[in-house]
Structure formats: structure tokens, C-alpha cells
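# Fold and geometry: a report
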Amino acid sequence: NKIEHIAGSGVGVNGDTKKPLNLTEVSNGYGLQDETHTGTIHTYDAKNGTSNATLMTDSDTIFNDKNQAAGVDAHFNAAKTYDYYLNTHQRDSYDGNGAEINSIVHYDKNYNNAFWNGQYMVYGDGDGQTFTSLSAADDVVAHELTHAVTEHSAHLVYENQPGALNESMSDVFGYFVDPDDWLMGEDVYTPGKDGDGLRSLSNPEQYNQPAHMNAYQDLPNTEQGDYGGVHINSGIPNKAAYLTISKIGKEKSEAIYYRALTQYLSSNASFLDAKFALKQAASDIYGANSTEEQEVVNAWNSVGVS
Ligand SMILES: Cc1cccc(C(=O)O)c1OC(=O)C1CC1
Ligand SMILES: [Zn+2]
């Protein structure tokens, strides 16, 4: 029989109404199951455990309980990111082949983290000081889903320069999905303090990231070395992206970045490889020696990748 899917609504972690919330009728009411794309989006609740999770459901189509808020945000923001890649880049889900997108919220207790585990997006609730529930930030959700896009395209190895590029691509597409500011995670970072974020693309140094090769941090390729500083040295490609976007605009930049990520970058790419991949992508789209190509080169030269 035809699955009944319904457009409901919900209240997010920050008290905002998220509408439409694409639901499917289930035995005990309605579930966070979005059938409006090729790839179904399911949002599960781990109930602060770390083993199993069940589909988040409600007896009606309004998800406005406090303990549903993280699920509302994860579900809505996953659809927003799905739509971004489909409408802007004609990419159907993170694999380009309509893969399902499954998210788990309320993972563990006071968990200040969000990650893509190769199958699911997983979000902690934060400890209420450093983070609130991380799914409430659209740039965080886009960051995590872009890890999946990268895995199914350039497959940048998560260490040293390729790892920092992997991180940067997630931050840069996080910006493209949430272009209101140059901060990452501002909607969930330090809920008690306004105006700050986890990282800044325009001013990486503000959060102790290098913005130039002369400040590249040679860290050990270990867990406590952040695998060669993938979340630290990403400040350099992030700054180059900020300079590029500021010069040629969001629309042209996202076309260049998407083409480089999916056509030219390979798994062990260095920062210099990324500069040439983006230069080639700009040349393909806007012409050899175009302003766009030149501005990409200028941006990477400005951060010392020359
Ligand atoms: C909060 C957090 C901790 C560890 C890894 C990641 C990770 O996904 O690399 C992470 O999420 C982010 O960086 C998102 C963008 C704010
Ligand atoms: Zn990341």
C-alpha cells in the first residue's frame, strides 16, 4: 500500500520552528522518515546511550517536545543539505546515487562531538557549556555530510595535508549551506555566549588556527596530534577559500570547489595539489586565464601555497 508521507513541523533546540518536517505514518503515529528524495532520510534517537537507537516518532505531526528538538534539527538540516547538493550541484545524496541519510541524535551523555561514521551522522547533546545539541547548526550538519561526499569522491586521507583539506572542504561546504557568516558551529558553540564559533574561515587565527603556510603546525599523526592537525592546519585552505569567495562570489566559488572535489582531487592531495585542482576547475568553467582562475591562484599564493 502507498506509504503516507506528511509534512509536519517541529521546534528545534534553539526554540525555532522547523517547517516542513517530512514525516511518514508509522504504527504508533508519525516518524522522522523523509521520503521526499530518492534517498530516504531517517532520524533516530539513541536516548543518551551508545548502542541502539530507534526512529523518533510522535503521536501527531507536531514534534514540539523538548526531547525531540535535537531530532527535529537533525532531520530538517539533513534535508536542507540534501537539497543543497541536489539543487546546486545536481548530486543526488552524498554518494551521487540516492543513498539514504541516517542520523542519530542524543548519542551518549554530554557528548561534545558530531561525526560521520561512514554509515550514519552521529550527534551528541554537548555538555551545555562548550556545545548544545550539535544537530541544531546547519553548518555542522553540512560539515558532517560533506565528509560523506568527500569519502565518495576525492576520498582525502584523514591525516596531514590531505586530512586538513578534508576538514576544509567540510567547513567550506558548511559555509555554502549556511552563508550568513564566516563562523563554523556558531549556533551550537558556547550556548551561553553570542558571536563566537568553533572556527572562522575569514580569521582562522581567532581560534588558534594558522592562516598561512609559515604557521603550519607539524603535529604527530596520532589521535592527540589530531592526525597531523587536520582541524588546525585546515585554517590555511579555509583562509584561501574565504579570499576566493570574497573576490569572485559564492555561486562561482561553489561551482569551482565542487568540480575540484569531485573531478580533480585525489586521496593524498597536498595543499599545492588543491591549488592546482581549483585552478584547473576554474579554468574549465570560466576559461583559461580567466579572472576567476587568477583569483583562485592569488588566494592560495596569499596563504603561502606557491
Ligand atoms: C565538533 C567536532 C569534534 C570533532 C570532530 C568534528 C568533525 O566533524 O571533524 C567535529 O565537528 C565539527 O568540526 C563541526 C563543524 C563543527
Ligand atoms: Zn570534520
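First things first, this report covers the structure right here in the doc. (Residues numbered from 1 in each chain as written. Chains lettered and ligands numbered in written order. Predicted model: local features only at pLDDT ≥ 70, side-chain atom pairs only at ≥ 80, totals over all residues. Heavy atoms only, no water.)

## Notes on the overall build of the protein chain
This is how the line gets drawn: Where helices and strands are cited, they refer to DSSP runs of H or I of at least four residues and of E of at least two residues respectively, numbered from the N terminus. Throughout, the radius of gyration refers to the C-alpha atoms, and the reference size of a globule is 2.2 Å times the residue count to the power 0.38. Categorising residues by exposure relies on relative accessible area from a 1.4 Å probe, with only protein chains included: less than 20% of the type maximum marks a residue as buried, more than 50% marks it as exposed, and the intermediate range marks it as partly exposed. Should any heavy atoms of two residues lie within 4.5 Å, those residues are considered in contact. Note that accessible areas follow from Shrake-Rupley with a 1.4 Å probe, and for residues the cover is restricted to the protein chains shown. Under this rule, positive means Lys or Arg and negative means Asp or Glu; His and the chain ends count for nothing. By convention, the charge on Lys lies at NZ, on Arg at CZ, on Asp at CG and on Glu at CD.
The helix and strand inventory of the protein chain stands at 8 helices and 13 strands. Its C-alpha atoms give the protein chain a radius of gyration of 19 Å, near enough to 19 Å, the size a compact globule of 306 residues would have. Across the 306 residues in the protein chain, those meeting the buried criterion constitute 55%. Considering only residue pairs separated by 6 or more positions, the protein chain has 60% of its internal contacts joining residues 24 or more positions apart. For the protein chain, the exposed area adds up to about 12,800 Å²; of that, 44% sits on carbon and sulfur atoms. Side chains of the protein chain carry 17 positive and 42 negative charges; the gap between the two charge centres is 5 Å.

## Focus: the pattern of salt bridges
Here is the rule we go by: When a carboxyl oxygen of Asp or Glu lies within 4 Å of a side-chain nitrogen of Lys or Arg, that pair is called a salt bridge.
For the structure shown, the criterion picks out 10 salt bridges. Of the charged contacts, one joins Lys80 and Asp138 as a salt bridge, the two residues approaching to 2.7 Å between their closest N and O atoms. Of this pair, Lys80 sits in helix H1 (residues 69-89) while Asp138 is found in helix H2 (residues 138-151), placing the two residues 58 residues apart along the sequence. Among the residues examined, Lys80 registers a relative accessible area of 32% and is labelled partly exposed. Glu293 serves as the salt-bridge partner of Lys279, at 2.8 Å between the closest nitrogen and oxygen. Taken together, the residues span a long stretch of sequence, with Lys279 in helix H7 (residues 271-286) and Glu293 in helix H8 (residues 291-302) at a distance of 14 residues.

## Observations concerning the sheet that holds strand S1 (residues 5-11)
Defined as follows: Strands qualify as paired when DSSP identifies two bridges or more between them. With axes taken as lines fitted to C-alpha atoms, and helix axes fitted only over the stretch in contact, angles between N-to-C directions fall between 0 and 180 degrees.
If you walk across this open sheet you meet the 5 strands as S7-S3-S2-S1-S8, and the pairing is mixed. Of all the strands in the sheet, the pair left with one neighbour each is strand S7 (57-58) and strand S8 (62-63). Across 3 bridges, strand S2 (residues 17-26) lies against strand S3 (residues 29-31) in antiparallel orientation. Bridged to Val26 within S3 is Gly29. Sitting on the sheet, H1 is in contact with S1, S2 and S8, with an inclination near 95° to S2.

## Some points on the site of ligand 1
For clarity, the cut-off: Residues are labelled near a given molecule or strand when at least one of their non-hydrogen atoms is within 4 Å of it. Within 3.5 Å is the distance limit for a polar contact, defined as a pair of N or O atoms, with the added protein rule that one can donate a hydrogen and the other accept it, and that residues adjacent in sequence qualify only through two side-chain atoms. A cavity here means a set of 1 Å grid points, computed over protein atoms only, where a 1.4 Å probe fits but cannot escape. A pocket is an open set with protein on both sides within 12 Å along at least 5 of 7 lines, and lining residues have an atom within 4 Å of a point. A molecule is counted as occupying a cavity or pocket when more than half of its atoms fall within 2 Å of that pocket's grid points. The residue classification treats Ala, Val, Leu, Ile, Met, Phe, Trp, Tyr, Cys and Pro as nonpolar and Asp, Glu, Lys and Arg as charged. All others, Gly included, are polar.
Taken together, 14 residues lie around ligand 1, and His143, Glu144, Glu167, Arg199 and His231 are the ones closest in. In this structure, Glu144 approaches ligand 1 through a side-chain N or O atom, which is 2.8 Å from an oxygen atom. Contact distances for ligand 1 include 3.4 Å between an oxygen atom and a side-chain N or O atom of Tyr158. Relative to its unbound accessible area of 390 Å², ligand 1 is 86% covered by the protein chains. Under a 2 Å grid-point criterion requiring more than half of the atoms, the pocket assigned to ligand 1 is the largest pocket. With 4 residues, the top contributor of residues to the shell around ligand 1 is H2. Classifying every residue of the shell around ligand 1 by side-chain character gives 7 nonpolar, 4 polar and 3 charged.

## A look at the coordination of the zinc ion (ligand 2)
So the rule is basically this: Here a donor is any nitrogen, oxygen or sulfur atom (N, O, S) within 2.8 Å of the metal, with 3.2 Å used for Na, K and Ca; water is not among the atoms considered, so some sites may look incomplete.
Protein coordination of the zinc ion (ligand 2) is provided by His143 (NE2), His147 (NE2) and Glu167 (OE), with donor distances spanning 2.0 Å. Read from N- to C-terminus, the donor residues coordinating the zinc ion (ligand 2) fall into the pattern H-x3-H-x19-E. In this pair, His143 and His147 both sit in helix H2, 4 residues apart, roughly one turn of the helix. Exposure remark for His143: the relative accessible area of 5% places this residue in the buried category.

## Section: unusual backbone geometry
Pro20 follows Lys19 through a cis peptide bond whose omega is -5°. For Pro20, the position within the fold is in strand S2. Backbone geometry places Asn208, a non-glycine residue, at a positive phi of 55°. Here Asn208 lies in the loop between strand S13 (199-200) and helix H4 (226-229). Unlike most non-glycine residues, Tyr227 shows phi in positive territory, near 50°. With respect to the helices, strands and loops of the structure, Tyr227 is situated in helix H4.

## Examining the nonpolar core
Rules: For the purposes of this section, nonpolar cores are sets of buried Ala, Val, Leu, Ile, Met, Phe, Trp, Tyr and Cys residues that join through side-chain atoms within 4.5 Å.
Ranked by internal contacts, the top residues of the largest apolar core, which has 71 residues, are Tyr94, Tyr123, Phe173, Phe176, Tyr257, Phe271 and Trp300. Excluding residues that lie within four positions of it along the chain, Trp300 makes contacts with Leu165, Pro237, Ala240, Tyr257, Phe271, Ala274, Lys275, Leu278 and Val305.

## A word on the packing of aromatic side chains
Each aromatic ring pair is characterised by the separation of its centres together with the angle its planes make. This is how the line gets drawn: The criterion for an aromatic pair is that two Phe, Tyr or Trp rings (for Trp, the six-membered ring) have centres within 6.5 Å, with stacked assigned to planes under 30 degrees apart, edge-to-face to planes over 60 apart and tilted to the rest.
Within this structure, the stated rule accounts for 15 aromatic pairs. With 6.3 Å between their ring centres and 70° between their planes, Tyr44 and Tyr120 make a pair best called edge-to-face. Of the two residues, Tyr44 is situated in strand S5 (residues 41-45) and Tyr120 in strand S11 (residues 120-123); the sequence distance between them amounts to 76 residues. Considering the side-chain rings of Tyr84 and Tyr85, the 5.3 Å spacing of their centres and the 75° angle between planes classify their relative orientation as edge-to-face. Aromatic ring contacts, followed pair by pair, group Tyr84, Tyr85, Phe173, Tyr175, Phe176, Trp182, Tyr242, Tyr257 and Tyr258 into a single cluster.

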